[in-house]
Amino acid sequence: MQNIVIAIDGTSASGKSTNAKLVAQALGYVYVDTGAMYRTLAWYCLQHGVDIHNVRSVAAVCRRWKTRLTCVDSQVRLLVDGYFPEKEIRTVETSAAVPHVAAVPKVRDWMKRKQRECVQFGNLVMEGRDIGTNVFPETNFKFYLDASLAERTRRRVADGVQEDLARRDRRDSQRAAAPLMIPLGAVVVNNSGQTPAETSELILNEIQRRLAASDAPT
Ligand code: DC
């Protein structure tokens, strides 16, 4: 039997991580944060003095860096030189650099390959910006999360992070390669004013409904 992939895409601070983790936990699936993979590349480029504005240099990193996928506590990690830069990828510098590396078509090809390899770990809840449109377009389980800019900004500030979300979303939506957009057939969830418990319940109910429908005799 093929593994199931739940694709959760959406804008920055729309609750993708929180809800994807809750859904993965409830279903006993493996959680994959694809943003962390792009962040790891951006961090690696900054560490090694690679010009993040130079498309060829960034693409060359993907050809030569030494990476490995592992799964720890039902969460996939991308290791580079055997190291998981968990804290380093969340800095303001990395956040500012990541949309540049994420816009490079060769980077997106590399990431798509790696992200598809994650099915080796089991059924997945994968969050990102292009999971339903580009990485697993064949899945029947697609969700697109959004919330008002004011609410998303409040959430980031509550996490102690100051960043221009509108600018990052614009970059992610306007790039030529696999831009952020609502996947065909996705359930769109605007979770302004909702708690994570409410949003994840809504997602879980829809997954159960679709799972039951796919089991039903035709
Ligand atoms: O979800 P996040 O904030 O950790 O994502 C970091 C950046 O990576 C964000 O600017 C968009 C980009 N990204 C992407 O282009 N495609 C993905 N599948 C995941 C993230």
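For the structure itself, consult the block above.
Now for a quick tour of the structure. All residue numbers refer to positions counted from 1 along the written sequence of the respective chain. At least 70 in pLDDT is required for a residue's local features to be given in this predicted model, at least 80 for side-chain atom pairs to be given and counted, and no such filter applies to totals for whole chains, interfaces and linings, which use all residues. Calculated side-chain values reflect all of the structure's heavy atoms, with hydrogen atoms and water omitted.

**Here's the deal with the overall build of the protein**
Then, number 1: Within the protein, the regular secondary structure consists of nine helices and seven strands.
Then, number 2: In this description the radius of gyration comes from C-alpha coordinates, and the expected globular size is given by 2.2 Å times residues to the power 0.38. The C-alpha radius of gyration computed for the protein amounts to 17 Å, which stays within 12% of the reference 17 Å derived for 218 residues, consistent with globular compactness.
Then, number 3: Judged by the C-alpha coordinates and their principal axes, the protein covers about 55 × 40 × 30 Å.
Then, number 4: Under the scheme applied here, a residue whose accessible area is under 20% of the maximum for its type counts as buried, over 50% as exposed, and between as partly exposed, the area being computed with a 1.4 Å probe on protein chains only. Considering the protein as a whole, with its 218 residues, one finds that 48% of them fall into the buried category.
Then, number 5: Two residues qualify as a contact provided that any one of their heavy atoms is within 4.5 Å of a heavy atom in the partner residue. Nonlocal contacts in the protein, meaning residues at least 24 apart in sequence, comprise 75% of its contacts between residues at least 6 apart. Numbering of helices and strands runs from the N terminus; a helix is a DSSP stretch of H or I covering at least four residues, while a strand is a stretch of E covering at least two.

**Digging into the pairing of strand 7 (residues 187-190)**
Then, number 1: Residue alternation in strand 7 divides its side chains into a buried set, V187 and V189, and an unburied set, V188 and N190.
Then, number 2: A pair of strands is labelled paired if DSSP reports no fewer than 2 bridges between them. Here strand 6 (residues 141-146) runs beside strand 7; their pairing, made up of four bridges, is parallel. Opposite F143, over in strand 7, you have V187 as the bridge partner.

**Focus: the pairing of strand 6**
In summary, the side chains of a regular strand alternate between the two faces of the sheet.
Then, number 1: Where burial is concerned, most of strand 6 is hidden: five out of the six residues are buried.
Then, number 2: In this sheet, strand 6 lies alongside strand 1 (residues 5-10) in parallel orientation, the contact comprising five bridges. Its bridge partner lying in strand 6, I6 is registered against F141.

**Considerations on the environment of N140**
Then, number 1: With respect to the secondary-structure elements, N140 resides in the loop between helix 6 (131-135) and strand 6.
Then, number 2: As a C-alpha pair, N140 and Y31 span 109 residues in sequence and 17 Å in three-dimensional space.

**Topic: the site of the ligand**
Then, number 1: By convention in this text, a residue qualifies as near a molecule or strand provided that one of its non-hydrogen atoms is within 4 Å of it. For the ligand, the set of nearby residues contains 15 residues, the closest of which are R39, R108, R129, D130 and R168.
Then, number 2: A 3.5 Å cut-off defines polar contacts: any pair of N or O atoms within that distance qualifies, except that in protein one atom must be a possible hydrogen donor and the other a possible acceptor, and neighbouring residues in sequence count only when both atoms are side-chain atoms. With respect to the ligand, the side chain of R129 contributes an N or O atom lying 2.9 Å from an oxygen atom.
Then, number 3: In this structure, D130 approaches the ligand through a side-chain N or O atom, which is 2.9 Å from a nitrogen atom.
Then, number 4: Across the complex, the protein chains shield 97% of the 450 Å² of accessible surface that the ligand would expose by itself. Using the Shrake-Rupley algorithm and a 1.4 Å probe, accessible areas are obtained, with residue cover drawn only from the displayed protein chains.

**A few points about the pattern of salt bridges**
Then, number 1: A carboxyl oxygen of Asp or Glu within 4 Å of a side-chain nitrogen of Lys or Arg is what we treat as a salt bridge. Enumeration over the complete set of coordinates arrives at 12 salt bridges.
Then, number 2: A salt bridge links D146 to R152; the shortest N-O distance between them is 3.7 Å.
Then, number 3: Assessed through its relative accessible area of 24%, D146 is described here as partly exposed.
Then, number 4: What makes R152 buried here is its relative accessible area of 6%.
Then, number 5: Look at the salt bridges and you will find they share partners, linking R129, D172 and R175 into a network.

These results come straight from atomic positions and should not be treated as a statement about function.
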